[in-house]
Amino acid sequence: MPEPVNPGDHIATAPDTETVYTIAVHNLAKNFGSLQAVRGISFQVPAGSIFGLLGPNGSGKSTTIRMLCGLMRPSAGGGQVLGLDILTRAEEIKNNIGYMSQKFSLYEDLTIAENLHFFGNIYGLTGHQVTARCAELYTRMKITGRENQLVGTLSGGWKQRTALACAFIHQPRLLVLDEPTAGVDPVSRRLFWELLDGLAADGITILVTTHYMDEAERCHLVALMEDGNLHAFGTPRQLMAEAGMDSLEDVFIDMATGGDVYRQESR
Amino acid sequence: MRGIRMLAIIRKEFIQIRRDPPSLVISLAMPVIMLLLFGYAVTTDVNHIPMAVLDQDHSQQSEMLAENLAGTGYLDLVYRVQSTHEIRALLDGGQVRAALIIPPGYARRLHRGETASVQFLVDGSDPLFARTAISTAEMVARVKSQQLSLEAMTAQGQTPPAGPGIDLRTRAWYNPGLESLKFNIPGLIGLVMQNVTIMLTAFALVRERERGTLEQLMVTPVRGAELMTGKLIPYILISFVDVALALGIGTLWFKVPVAGSVPLLLGLTLLFLVFALGLGMFFSTIARTQLQAMQMTMLFILPSVLLSGFVFPRASMPLPIQYLGDMIPLTYFLEILRGIMLKGVGINYLWGDVWPLAGFGAGIIALAAWRFKKRVE
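Residues numbered from 1 in each chain as written. Chains lettered and ligands numbered in written order. Predicted model: local features only at pLDDT ≥ 70, side-chain atom pairs only at ≥ 80, totals over all residues. Heavy atoms only, no water.

By the naming in an unreviewed UniProt entry, chain B goes by Transporter and is assigned to Desulfotomaculum copahuensis. Its UniProt record gives chain B a comment under Subcellular location (unreviewed entry), which states: "Cell membrane". (UniProt positions renumbered as here; feature names shortened; annotations may be inferred.)

Residue and element names in this part refer to chain A. Per the counting criterion, the structure on display carries zero disulfides over all chains. Not engaged in a disulfide, the cysteine Cys134 finds its nearest cysteine sulfur in Cys166; these two sulfurs lie 8.3 Å apart. Cys219 carries a free sulfur, and the closest cysteine sulfur to it, the one in Cys69, is 17 Å from it. (Disulfide = S-S within 2.5 Å.)

Further remarks concern the sheet that holds strand β4 (residues 119–122) of chain B. Across a sheet, paired strands are connected by hydrogen bonds in the backbone, their directions being either parallel or antiparallel. All names here are of chain B. Within the open sheet, the four strands sit side by side as β2-β1-β3-β4. Their pairing is mixed. Both edges of this open sheet fall to β2 (75–81) and β4, since each of them pairs with a single strand only. Each adjacent strand pair in this sheet contributes to an overall mean axis angle of 25 degrees, direction not counted. Pairing of strand β3 (residues 98–102) with β4 involves four bridges; the strand directions are antiparallel. (Pairing = 2+ DSSP bridges. Helix = DSSP H or I, 4+ residues; strand = E, 2+ residues; numbered from the N terminus. Axes fitted to C-alpha atoms, helices over the stretch in contact; angles between N-to-C directions.)

For the rest of this paragraph, the subject is the domain arrangement of chain B. Partitioning chain B into structural domains gives domain 1 (49–173) and domain 2 (179–376). With centres defined by C-alpha atoms, the gap from domain 1 of chain B to domain 2 of chain B works out at 49 Å. (Domains from an automatic or database assignment.)

Burial of nonpolar side chains together is a common tendency in soluble globular proteins. One finds Leu116(A) and Leu164(A) to be the most contacted residues of the largest nonpolar core, which totals 155 residues. With residues near it in sequence (within four places) discarded, Leu164(A) still touches Met100(A), Met141(A), Leu175(A), Leu177(A), Phe192(A), Leu195(A), Leu196(A) and Leu199(A). Counting 17 residues, the second-largest nonpolar core is a separate cluster that includes Val46(B), Met51(B), Leu65(B) and Leu69(B). (Core = buried A, V, L, I, M, F, W, Y, C linked by side-chain atoms within 4.5 Å. Buried < 20%, exposed > 50% of the residue type's maximum accessible area, 1.4 Å probe, protein only. Contact = heavy atoms within 4.5 Å.)

Now for the packing of aromatic side chains. Here a ring pair, both rings aromatic, is described through the centre-centre distance and the interplanar angle of the planes. Evaluated as defined, the whole model comprises 13 aromatic pairs over all chains. Ring centres 5.2 Å apart and planes at 40 degrees place the aromatic pair Phe43(A) and Phe51(A) in the tilted group. Classification of Phe43(A) by relative accessible area gives buried; the value is 5%. Relative to Phe360(B), the ring of Tyr332(B) lies with its centre 6.1 Å away and its plane at 35 degrees, an arrangement referred to as tilted. On the criterion of sequence distance, the pair formed by Tyr332(B) in helix α13 (residues 329–343) and Phe360(B) in helix α14 (residues 351–371) is long-range, its members being 28 residues apart. Looking at Tyr332(B), the relative accessible area reads 13%, which means it is buried. Grouping aromatic residues by their ring pairs yields a cluster made of Phe272(B), Phe275(B), Phe283(B), Phe300(B) and Phe333(B). When the ring centre of Tyr212(A) is taken as reference, the NZ or CZ atom of Arg189(A) above it lies at 3.7 Å. Here the basic side chain of Arg338(B) rests over the ring of Phe183(B), its NZ or CZ set 3.7 Å away from the ring centre. (Phe/Tyr/Trp six-rings, centres within 6.5 Å; stacked < 30°, edge-to-face > 60°. Lys NZ or Arg CZ within 6 Å of the ring centre and 35° of its normal.)

This brings us to the pairing of strand β4 (residues 76–81) of chain A. Each regular strand shows side chains that alternate between the opposite faces of the sheet. Residues and elements named next belong to chain A. Pairing analysis gives five bridges linking strand β1 (residues 21–32) to β4, with the strands arranged antiparallel. For Ala29, the partnering residue across the bridge sits in β4 and is Ala76. In this sheet, strand β5 (residues 84–85) lies alongside β4 in antiparallel orientation, the contact comprising two bridges. Note on β5: the bridge partner recorded for Val81 is Leu84.

Once that is clear, we can look at the pattern of salt bridges. Residue and element names in this part refer to chain B. Throughout the structure, instances matching the rule amount to 20 salt bridges over all chains. Residue Arg109 is joined to Glu114 by a salt bridge in which the shortest nitrogen-to-oxygen separation is 3.6 Å. On the accessibility criterion, Arg109 (39% relative accessible area) is partly exposed. In the salt-bridge network here, residues are joined through shared partners; they are Lys12, Glu13, Glu208 and Lys231. (Salt bridge = Lys/Arg side-chain N within 4 Å of Asp/Glu carboxyl O.)

This is the structure:
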């Protein structure tokens, strides 16, 4: 997407007592046996921002997300999501966030409408609450006209927007999207990001992981993870300025290859 | 536990079952096919054993002996041959499994009141056939000998002794005709139900894991108990349809009536279903793919066929193997099924089997629930 970036400079990243943080973690760490997947990271994400979590495969992004969603207990450290402690109030967190996993995970043998109804019921919405909410989401997520088509027969872009609608069925204040646009065509990706911009404008906080640097540049805040560490954190513009580079892609590649050199040295 | 979430899962499960007709057909056809197959194939009743006769005596007496053997119904006279070579060829080729050789002079010796020898050859490769053939031949020879000695006594003007002797009168209870079908059908109903139920439940949960939808569900507020009960209820219903089919075929087609109480039978069947569902669930918490779930089910089915007393009598197994059989819930359920269907006994005679079954059920459900943790780690 050769569009002008939307760095969101208005968002303060420095600690500020006025700012409401949707996500705040300190020294969050996770070990799998002797493997340190996440090595004590700390960051804060203000409400209403699109927060991009970047990093090569295996850098600890998914593990971080799972800890934030209450799917995994941290080995050390802690944090709050929507003001709820991730260690003690995981179940409440689940009620208040929407999640789209890396692997496309709607029921392919159910229609769009059936998937939305199912997830609506799972989040405790009853009969006509779901119906009303679905009608709203069909328009908002641009999935009108194929409500009764099986999800398995939809194209990538449609599936992805349906998944976003399912994740947003209960009007969560935080959306967690793990590589939502992997394997989707550019037109659909742009449409998807326009939807995300719209949601953020309504005050919804969005945590998104991606490998596409054009998408990363559209985030208000980005964090670069490498080998379980938080390599850099800030607005895309800050990160580029700090590294003295013109694009996030260069910053990312510099980090990734630098990491390789480090690994070779430490051997 | 929120009813709305459980109902949502039940509804979704039914939609998925409806969208997948082959699976539904298989889960309903499997008990029918297995019952018909096993009902006809698994029979330990041996009769109509093909037999060849080499009659070198060509007498009325020798002819009668061959006819007496065939008249028992256990042996069929299919070949009359002229030489021992032919007998060897027929036995080698498997066309006959028994052969009777009556040497020349048979009738003459009998007439003289001497002992006449005949030879009875059996194909011992299948002990079941061989034993039946031998005992039939022995019985026929004994009866014949008694008859001949009586005739001889009468001919010499003596009165046959009416003195001491044992008059043994046998009667088989519960299955007077000693038909193995009657023994097999209840066992089959238990086995079929176990297999279908374990496989269905294991698949239902593993499918969600395989397709990534389980991860999606884990991030929702749905609780383990809601997910489990919601997923199991549709399969309990299918399993009960299977039970009804199996019982229907057993009683109407194979004419094995239920001698005891049908409600008791269904109640205890539900108890066994709880175990089977629990085991399916437990497998699904270990298996990552449907293939693995299938392999685990197969691994469980084989010992339960062999050790539960489904076909092979447990009493004749070595003690350690019998103990292994005690660890298989199907063993107890077969006792219950046979008890109710054949003997018509009530619950008072069955507690010894009901308690272990309940124990296994509770144990496996607890184990599966413990394994089914909400966190993915």
